Amino acid sequence: MATSTSSESEYVTLESSDGFQFIIHREAAMLSGTIRNMLSSAGQFTESTEGVIHFRDIKAVILEKVCKFWYYKARHMNSVTEIPYFDIEPEYALETLMAADFLDSMSSFTWCEDALLVF
């Protein structure tokens, strides 16, 4: 991981609508276009200065799945071997897909489409 400046922590805190907090590496969170914009905009968002992002419409069970996927994606991003399937329960697929859309991570979440086919 890259070193961070004094004003930029190596970690960012994501808080779900039901009050759970996920402290993840900034680089993993930056895989989201929405979060990248929030954290990179100098002075425009309080999130960029505080390092805490509150999601009013994303429940913990969904945010946890999204965070796990960002780590999965970072781990396999430049893989030359077959990438293992990222498992998601069908009952969470629709909400996860909606969260991915909001977080500008849609291209990363093609596995949700497979889970939706179950319905």
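Note that the structure is a prediction, hence the values are computed from the model and not measured. (Residues numbered from 1 in each chain as written. Predicted model: local features only at pLDDT ≥ 70, side-chain atom pairs only at ≥ 80, totals over all residues. Heavy atoms only, no water.)

1. Observations concerning the pairing of strand S2 (residues 21-25)
Logical step 1: Pairing of strand S1 (residues 11-15) with S2, which is carried by five bridges, proceeds in the antiparallel orientation. Across the sheet, glutamate 15 pairs through a bridge with glutamine 21, a residue of S2.
Logical step 2: Hairpin geometry of S1 and S2 is characterised by an intervening segment of five residues between the two adjacent antiparallel strands and by a positive phi of about 85° at glycine 19. (Pairing = 2+ DSSP bridges. Helix = DSSP H or I, 4+ residues; strand = E, 2+ residues; numbered from the N terminus.)

2. Quick word on the pattern of salt bridges
Logical step 1: Counting across every chain of the model gives three salt bridges.
Logical step 2: Residue lysine 59 is joined to glutamate 95 by a salt bridge in which the shortest nitrogen-to-oxygen separation is 3.2 Å. Residue lysine 59 is located in the loop between strand S3 (52-54) and helix H4 (60-76), and its partner glutamate 95 is located in helix H5 (residues 90-102); the two are separated by 36 residues in the primary sequence.
Logical step 3: By relative accessible area, which is 37% here, lysine 59 ends up partly exposed.
Logical step 4: Overall, glutamate 95 belongs to the partly exposed group, its relative accessible area being 31%.
Logical step 5: For lysine 65, the salt bridge identified is with glutamate 89, shortest N-O distance 3.5 Å. Taken together, the residues lysine 65 in helix H4 and glutamate 89 in the loop between H4 and H5 connect sequence positions 24 residues apart.
Logical step 6: Of the residues examined, lysine 65 reaches a relative accessible area of 14% and is grouped as buried. (Salt bridge = Lys/Arg side-chain N within 4 Å of Asp/Glu carboxyl O. Buried < 20%, exposed > 50% of the residue type's maximum accessible area, 1.4 Å probe, protein only.)

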